[in-house]
Amino acid sequence: MNPGQTISHYRIAGQLGRGGMGVVYQAKDTKLDRTVAIKVLPPAALVTEDDRARFYREAKSAAQLTHPNIAGVYEIDEAVPSDAPHGMQPSPFIAMEYVSGGTLAEQLEQGPLRLNRAVRIAKEVASALGAAHAKDIVHRDIKASNVMLDGDGRAKVLDFGLAKTTHSTMLTQLGSTLGTAAYMSPEQARGEDVDHRSDLWSLGVLMYEMVAGRLPFRGDYEQAVVYGIMNEDPEPLTALRSDVPMELERIVGKLLSRDPRHRYQSAADLVADLDAIEVNQSSIRTSVRSRPGVPAVQSGKYRRWIPYAVGAATLAVGLLLGSLVRSEEPETEYPMHVTVNVAGELNLSHPAISPTRRYISFTVSGNALLLYDMTDGSIRRIVEESDIRISRFSPDGRWLAFEQDASGLSIVRIPDGSPARLTDVGETPTWIDNEWVMYRNEGRVERISRVTQEAETLWSPPDSSLSVEHPEVLPGGSHALVSVVKNGERSVGVLELESGMIESLHPNGIAARYVSSGHIIFTEQDSRTTSYRGDIYAQPFDLKTMSTRGPAILVLSERGYWELGMNERGDLVTTGGVTNSFAPPPMALSRLNPRTGDLSPLHSPVSTSGGLGVSDDGEWLLYMLPEDIPAIGLLDQGRMSPLPQVVVPAFAPLFGHNGETVFYSAGTPGTGTRIYRQPADGSRRPEHIELGLDTFEILCDVVDKDRLGLVSAFPIGSDLGALEIVDLEELVSIRSIPGLRVSSAHVSPDGEWIVFDNLWAPQADRGVYAVGMNGSGPWLLGAQYSRPLWALSGSEVYVVASDRLLALPVSTTRGVRVSGPERLLYNASPFFDFTLDPATGDIIIVDRIGGSETLDQIDLVLNWDERLKELVPRQ
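Structural notes, computed from the coordinates. Because the structure is a prediction, the values reported are computed rather than measured.

1. Focus on helix α11 (residues 864-871)
- All of the buried residues in α11 are Trp864, Asp865, Arg867, Leu868 and Leu871. Taken end-on, α11 shows its buried residues confined to a sector of 155°, consistent with a single buried face.

Structure follows, in structure tokens:
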């Protein structure tokens, strides 16, 4: 098509590019008077009605994506171009957001990128992919030419309009294999069905290219490239570029794992690890420098809730933090990351940190306000049994103002004053100076003196369609950041207090704060929900002109404004977020050697509602999230990925013995439960195993390479039941051991014996029993025991008795019988669960931290403003 020609209501301005799936033009939308990009596909692209239906279905899915790093889809249609010959069939086209600037491929023609820029672009692309994957959309063609860099240098991923949903067949590629060969994952090159992890492989190729200046797999023809993808390892990045840190090489290497199970399992996990890399000019640092005489905070496992946090272990608060708060200027060249474990408390939220760094305030389950002294680790409960939300320290750190009982403000002298009511109206307090507190009252901005309690209105809305929230006074006192609410839509704005004028700064933003680095940070509300949880962005801001000076950059993922606070010197404090008050407490995951009794921690605390399993190779951990969804992750890491498409509520999850399948039961005892299985990688929807045994079915164990299963089955409300040995391929019962209401069962390593408990049986019949696979027995091993597991040796059975984990020696010479005294392995809390690592014979234990003690965490990033200067540079 030539300039001046039209297709539908779009006037062509010029050609932007050409590829295997069509030609892209710059065009003018004559209806809405805006510039767009038009991708016109050849008429042959939609040969059949099925092709056409798929095209519209997939493009419609892509049109639902709204993300700052995705080029939006405006329209999909078919039309005959105005310069087409008579009788030509309509051409399908997609009208997309026009992104001014060049492609990443054009940028890479000039050579490799600076490391900090490469990491930033990778995070933006990963963030875009995460948004698409959340809607079951797999791009399948991530490459440098499909990433645009707009005028602000921000990445925009193109061609989601030609993506593939996980529930559809991909639109046939015309003339070549879908996906440029050099970026294809091994499974894609083999022609197999792919999922979101194929996109993450392609992003790994793109990261390698940005850092090294060349592709990891090269060849003169496509077959040579594919051979390299399938069989060869790329040259290490550290060998190609001297300033590449090992952590960055590890991230790229994990993305380029040929086995999808060993890659990142979600884009969010990748973003968390990229955020954890400290970028300084042309180098990347993964540690911090401490003060002389103060222990350095060592790097460790990375946490999702803080983008660049070095996962610090619990520290001696009096030593490290005490030294920090006594120092006027801590001698840290870079931000220092500290994790403070708060024993005995759960559901922490609404944190604030004093300007002196000595105190942190936070709420517990929304009904108590606590003050934490960082010099000695002591906690003072300021207010009990009251609806408490936002709290803020005065500039001198001597007063704390807080929102109380839904509408009303109180203040308290720090550290040991008594709370006093300041006003019975008002929300979201912030200090103008050491005397005056600013707040919101029914859409107005007001202030009140803590000394005289004199109140006055600073701004009132001109009409009922406009109001403001979260007022935050800016340095100088003449302006305030506000969340503008107009006709139900929210945005970040700056309010001139004297004139009442409001200038919009950012759409869809709320709860903006000014940081001493010269930035504003705000929550971009998740448009998919009605809550205030979303992503946290930082944007350069000029106090002289009261305007932004650069694009907004994502700095924290999936947060609510109630989960973080800052002080005037730029320190960040954050909690793990508000959790359901009925959720179980954080649990510690440990490895117990049953031969030596050695107990060693595995990784950070987890939150589980029960259920635990380890794959046969000892690499993968399976447990239940509080939402009754199985989660899978590497055993030696703290980050888990929920299994997608699960039938909920799920319980009793099990790995199949090939490690590639997950079994679980789903349903409720009142309506019946059924057994499901699905790939551990989530690549297919769950399959209902139709056994027809009884109303309540639980799969207790899987043996013989997934062929046989032990199923507990019984009618609801009956004392009768049976343990069924089931052929999981033929879906028929091979043998039934009647008269049992089994809650757990496990097959011996030699496949000859079964141990089980029947805690759902009448009291007189409860205990741990053993039977032969041939139906011999049963033999009672102990009425006081429950939850049996065979040891890897087959000579012991691990059981639980009164919150103690015991080893019970057994003989299998004539049946299964106890052959000696029990042996104590572990004193547990009532919440604990355990399983066997089939690779080592160790016992994996999840237990309440500190036995009966609860625990939650507060996370600090001191000198966070210095980090923002690197992540979000001013322009």
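2. Quick notes on the sheet that holds strand β28 (residues 479-486)
- The four strands are arranged β27-β28-β29-β30 in an open sheet whose pairing can be described as antiparallel. Looking at the sheet topology across the chains shown, the edges are occupied by β27 (466-473) and β30 (502-507). Strand after strand, the sheet turns through a mean of 30° between neighbouring axes, direction not considered.
- Relative to strand β29 (residues 489-496), β28 runs antiparallel, the two sharing eight bridges. Looking across to β29, one finds that alanine 480 is bridged to leucine 495.

3. Thoughts on the environment of alanine 144
- Along the polypeptide, alanine 144 turns up in the loop between β8 (137-138) and β9 (147-149).
- Linking alanine 144 and leucine 108, residues 36 residues apart in sequence, is a C-alpha distance of 8.2 Å.
- Leaving out residues up to four positions away in the same chain, alanine 144 has contacts with Thr103, Leu104, Ala105, Leu108, Tyr183, Leu206 and Glu209.

4. With respect to the packing of aromatic side chains
- By the definition in use, this model includes 10 aromatic pairs.
- Ring plane angle 10° and centroid distance 5.8 Å describe the contact between tryptophan 201 and phenylalanine 217, whose orientation is recorded as stacked. Linking tryptophan 201 in helix α5 (residues 196-212) with phenylalanine 217 in the loop between α5 and α6 (222-231), this pair joins segments that are 16 residues apart in sequence.
- Looking at tryptophan 201, the relative accessible area reads 0%, which means it is buried.
- Classification of phenylalanine 217 as buried rests on a relative accessible area of 4%.
- Relative to phenylalanine 832, the ring of tyrosine 826 lies with its centre 6.1 Å away and its plane at 45°, an arrangement referred to as tilted.

5. Some thoughts on the pairing of strand β56 (residues 786-790)
- Burial analysis of β56 places four of its five residues in the buried class, which makes it a mostly covered element.
- Of the pairings in the sheet, the one linking β56 to strand β57 (residues 796-801) comprises three bridges and is antiparallel in character. Of the residues in β57, the one forming a bridge with leucine 789 is tyrosine 798.
- The antiparallel hairpin formed by β56 and β57 contains five residues in its connecting segment, where glycine 794 sits at a positive phi of about 80°.

6. A short note on unusual backbone geometry
- Isoleucine 414 connects to proline 415 through a cis peptide bond whose omega is 10°.
- As for its placement among the helices and strands, proline 415 is situated in the loop between β21 (409-413) and β22 (420-423).
- Here the amide bond leading from glycine 777 into proline 778 is cis, since omega sits at 5°, within 30 degrees of zero.
- Of note, proline 778 is situated in the loop between β54 (768-772) and β55 (779-782).
- Even without glycine at this site, histidine 350 takes up a positive phi of about 50°.
- Here histidine 350 lies in strand β15 (residues 348-353).
- The backbone of alanine 652 sits at a positive phi, close to 50°, despite the residue not being glycine.
- The residue alanine 652 is located in strand β44 (residues 650-655) in this model.
- Residue classification places alanine 652 among the partly exposed residues on the basis of a relative accessible area of 28%.

7. So, the packing of helix α3 (residues 115-133) against α5
- The N-to-C vectors of α3 and α5 enclose an angle of 165°; their axes lie 10 Å apart at closest approach. Our classification of the angle between α3 and α5 gives roughly antiparallel. Taken as a pair, α3 and α5 cross one another with a handedness that is right-handed. For the pair α3 and α5, the contacting residues are Leu115, Ala118, Ile121, Ala122, Val125, Ala126, Leu129 and His133 in the first and His196, Asp199, Leu200, Leu203, Met207, Met210 and Val211 in the second.
- Here the contact of α3 with α5 is built from residues that sort into 12 nonpolar, two polar and one charged.

8. Brief notes about the environment of glutamine 89
- Take glutamine 89: it is sitting in the loop between β5 (73-79) and β6 (91-97).
- Judged by relative accessible area, glutamine 89 falls into the exposed class, the value being 54%.
- As for glutamine 89 and glutamate 78, which are separated by 11 residues in sequence, their C-alpha atoms are 9.2 Å apart.

Calculation rules
Counting starts from 1 at the beginning of each chain's written sequence and moves along it residue by residue. Given that the model is predicted, a residue must reach a pLDDT of at least 70 before its local features are reported, and side-chain atom pairs must reach 80 or more before they are shown or counted; all residues, however, enter totals for whole chains, interfaces and linings. Each side-chain value is worked out from all heavy atoms of the structure, with water and hydrogens disregarded. For the exposure calls, accessible area comes from a 1.4 Å probe over protein chains only, and a residue counts as buried if that area is under 20% of its type's maximum, exposed if over 50%, partly exposed in between. Think of it this way: any DSSP run of H or I at least four residues long counts as a helix, any run of E at least two long counts as a strand, and we number them from the N terminus. Think of the arc as the fan of directions from the helix axis to the C-beta atoms. A strand pair is defined by DSSP finding two or more bridges across the two strands. The convention used is that axes are lines fitted to C-alpha atoms, helices contributing only their stretch in contact, and that angles between N-to-C directions extend from 0 to 180 degrees. The contact rule is simple, with two residues in contact once any of their heavy atoms fall within 4.5 Å. By convention, a stacked pair of Phe, Tyr or Trp rings (six-membered ring in the case of Trp) has centres within 6.5 Å and planes under 30 degrees apart, an edge-to-face pair has planes over 60 apart, and any other such pair is tilted. Should an angle fall under 35 degrees it is taken as roughly parallel, and over 145 as roughly antiparallel, whereas 65 to 115 is taken as roughly perpendicular and any remaining angle as oblique. Left-handed describes a crossing whose near helix is turned anticlockwise from the far helix by less than a right angle; the clockwise case is right-handed. By the convention adopted, Pro, Cys, Tyr, Trp, Phe, Met, Ile, Leu, Val and Ala count as nonpolar, Lys, Arg, Asp and Glu as charged, and the other residues, Gly among them, as polar.

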